[in-house]
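One letter stands for each residue in the lines below.
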Amino acid sequence: YGMGGQTDGETMGYGILARIGAGVNPEQMHAERVNGYNPLAVMDAVRRKKHLLLEGRGPALLDIATYRVSGHSPSDASSYRSKEEVRLWMEADPIRAYGRAIIEAGVCDEARLRAMEAEIREEMREVISLAIDLKLSPRFSAGGEEIGDAMFSNARAEKLAEGPCDTLMPREANPRVQQIKGKLRGPSPDGKPIPKMKAYSVRDGIFEAMFEGFYRDPTLIAFGEENRDWGGAFAVYRGLTEALPYHRLFNSPISEAAIVGAAVGYAVEGGRPVVELMYCDFLGRAGDEVFNQLPKWQAMSGGLLKMPLVLRVSVGAKYGAQHSQDWSAFIAHVPGLKAVYPVTPYDAKGLMNSALTGTDPVVFFESQSAYDTGEEFAKDGVPEWHYEIPIGEPALRRAGKDVTLITLGPVLYKALAAAKQLKEKYNLEAEVIDLRSINPINYDPLAASVTKTGRCLLVTEACERGAFLHTVASRLSNLVFDHLDAPIAVLGSRNWITPAAELEEAFFPQPAWILDAIHERLLPLPGHTPTTNQRPSEQARRDRLGV
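Worth saying up front: this structure is predicted, and the values here are computed from it rather than measured.

How each quantity is defined
- Residues numbered from 1 in each chain as written.
- Predicted model: local features only at pLDDT ≥ 70, side-chain atom pairs only at ≥ 80, totals over all residues.
- Heavy atoms only, no water.
- Helix = DSSP H or I, 4+ residues; strand = E, 2+ residues; numbered from the N terminus.
- Buried < 20%, exposed > 50% of the residue type's maximum accessible area, 1.4 Å probe, protein only.
- Contact = heavy atoms within 4.5 Å.
- Areas by Shrake-Rupley, 256 points an atom, 1.4 Å probe, with all protein chains shown as cover.
- Lys, Arg positive; Asp, Glu negative; His and termini not counted.
- Charge placed at Lys NZ, Arg CZ, Asp CG, Glu CD.
- Salt bridge = Lys/Arg side-chain N within 4 Å of Asp/Glu carboxyl O.
- Expected span 1.5 Å × (residues − 1).
- Arc of directions from axis to C-beta.
- Pairing = 2+ DSSP bridges.
- Axes fitted to C-alpha atoms, helices over the stretch in contact; angles between N-to-C directions.

## Quick notes on the overall build of the protein
And then number 1: A tally of helices and strands in the protein yields 19 helices and 14 strands.
And then number 2: Burial status across the protein gives 47% buried among its 547 residues.
And then number 3: When contacts within the protein are restricted to residue pairs at least 6 apart in sequence, long-range pairs at least 24 apart make up 75% of them.
And then number 4: Of the roughly 27,500 Å² of accessible surface on the protein, a fraction of 56% belongs to carbon and sulfur atoms.
And then number 5: In the protein, the 61 positive side-chain charges and the 71 negative ones have mean positions that sit 3 Å from each other.

This is how it looks when you write it as structure tokens:
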């Protein structure tokens with residue numbers, strides 16, 4: 001039973017669950033129906049199925065028949081079943097029946113059975129008393145910070161267990177490692193573009209951090225759709241197949257809920273999983289696992305449990321309505337999750353290293369349009385050795401004094417292009433800051449920049465309505481209101497479904513949009529002729545239409 005519905009003949013298309021196994025595989029999943037009221041029968045069935053599993057002959061399906069005597073909740077009046085039905089099942093009480101059976105078998109006598117029952121009742125009374133005695137088990141104080149304090153463990157653990165790391169080859173023998181050694185890890189010395197195959201890229205940064213982690217932490221595993229033989233859908237894991245046995249890197253079913261749910265269980269048990277959702281659009285397929293399980297177990301356990309899990313989420317481009325959506329706002333809205341969005345190789349490696357040495361859940365957004373991007377900002381390039389970037393620290397990408405541009409995700413490069421045009425055409429210096437993190441965020445450098453410039457435009461590739469940068473704008477407005485020369489503005493993608501690739505320039509923010517938004521909302525640009533309408537009145541018009 002659920003709150004009212006029952007599987008048998010109503011909510012499911014079967015009468016007896018065990019029969020489902022007949023259509024699954026040639027051995028019918030070794031399906032068996034067991035009397036769940038007989039503990040000896042259950043023990044025997046579990047022992048036999050475990051033997052099959054250990055021999056590699058699984059899976060096995062046990063349909064253990066029991067009855068839920070009490071209601072689903074205190075408000076359940078059990079109106080969906082008769083009192084006679086409940087009475088008959090109560091008469092078959094398995095505890096009483098098992099007691100009679102062991103007495104008849106001579107295993108125990110009546111006096112010993114009653115004494116055992118009394119011991120158990122007393123133990124349960126003590127347990128319940130401890131749970132409800134507010135002196136012995138005080139609640140979190142009203143108005144206190146205990147829940148927030150327990151939500152993140154904020155610990156550092158380079159590895160979660162001692163012992164050797166199962167690998168298939170020495171580190172230096174890996175062909176991907178050798179290939180990366182020949183790449184340019186920093187900006188081009190002569191300022192010329194670096195060929196894609198010669199540039200150390202964002203995907204290389206993620207790979208290096210993961211590769212090092214597999215040789216450091218024996219509990220680290222990675223799984224997801226197409227993770228092993230393909231090297232991941234976007235080749236981030238290329239080179240790991242040769243280095244790792246199957247139990248450390250493997251393909252999952254095409255079930256996002258199963259991917260994240262299994263990873264949550266492994267993390268709670270003390271392991272460090274890295275799992276991948278091939279597209280950000282698939283977050284909804286793992287909604288309960290991402291929004292209700294992953295972020296909550298640390299706080300719900302009062303800090304006793306840890307959740308050292310990294311969820312890689314690839315944000316698409318050029319794949320249309322159901323494969324190119326930035327849903328970072330959903331993650332930002334859920335308490336208990338840390339989240340980052342690096343778009344440079346230096347940041348990708350440093351932030352992944354931080355995620356892989358922490359003990360909190362981290363959602364790691366990755367832009368498909370930035371995977372091949374080389375390093376433009378780290379003067380000394382991306383170090384070969386281990387380094388970590390603290391989660392929550394924005395990065396200054398370009399200094400300026402006239403207007404602040406704050407970006408999240410790959411739109412950073414559009415903002416830099418717009419800043420270059422501002423300088424060349426209007427002699428204005430834009431300060432460009434890459435947010436890098438979604439939660440936590442250090443607002444001090446953001447507030448300092450906007451205090452200096454007096455004007456701020458935040459830019460994201462997420463749809464404008466409900467975008468996370470509106471939260472950032474609101475926070476900043478409260479922090480630096482007295483220093484503003486214009487209201488802080490947010491520029492996002494159109495509030496449409498994502499169009500096909502050939503129409504994306506009309507959907508995602510472009511450098512021209514940024515210039516137009518600055519001109520119409522922050523600072524008139526002398527002689528500037530807008531090519532798009534970025535006035536607040538235009539957005540209000542679109543809002544009336546729901547677009």
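Once you've had a look at it, read on.
## A look at the pattern of salt bridges
Opposite charge on two side chains allows them to pair when their charged atoms are near.
And then number 1: Inspection of the entire model under this criterion finds 41 salt bridges.
And then number 2: Between E162 and K159 there is a salt bridge, with its nearest N and O atoms 3.2 Å apart.
And then number 3: For K159, a relative accessible area of 36% gives the class partly exposed.
And then number 4: Sharing partners across several salt bridges, the network here consists of R96, E110, R114, E117 and R121.

## A look at helix 10 (residues 256–268)
And then number 1: Taking 1.5 Å per residue, 13 residues should reach 18 Å; helix 10 reaches 18 Å between its end C-alpha atoms and fits that length.
And then number 2: Turning to helix 10, its buried residues number three or more, namely E256, I259, V260, A263, V264 and A267. Along the long axis of helix 10, the arc covered by the buried residues comes to 125 degrees, so they all point the same way.
And then number 3: Tucked into the core, helix 10 has its buried residues touching strand 3 (220–224), strand 5 (272–277), helix 11 (287–293), helix 12 (297–300) and strand 6 (310–315).
And then number 4: A positive phi of about 110 degrees marks G270, the residue just after helix 10.

## Let's talk about the sheet that holds strand 12 (residues 437–439)
And then number 1: If you trace the seven strands from one edge of the open sheet to the other, you get 4-3-5-6-8-7-12, paired in mixed fashion. Among the strands making up the open sheet, the edge pair consists of strand 4 (249–251) and strand 12. On average, each strand axis in the sheet is tilted by 20 degrees relative to the strand beside it, whichever way the strands run.
And then number 2: Direction of pairing for strand 3 relative to strand 5: parallel, over a ladder of five bridges. From the neighbouring strand, G224 faces strand 5, where its bridge partner is E276.
And then number 3: Sitting on the sheet, helix 8 (residues 202–216) is in contact with strand 3, strand 5, strand 6 and strand 8 (362–367), with an inclination near 130 degrees to strand 3.
And then number 4: Across the sheet, helix 10 lies against strand 3, strand 5 and strand 6, angled at about 165 degrees from strand 5, the strand it touches most.

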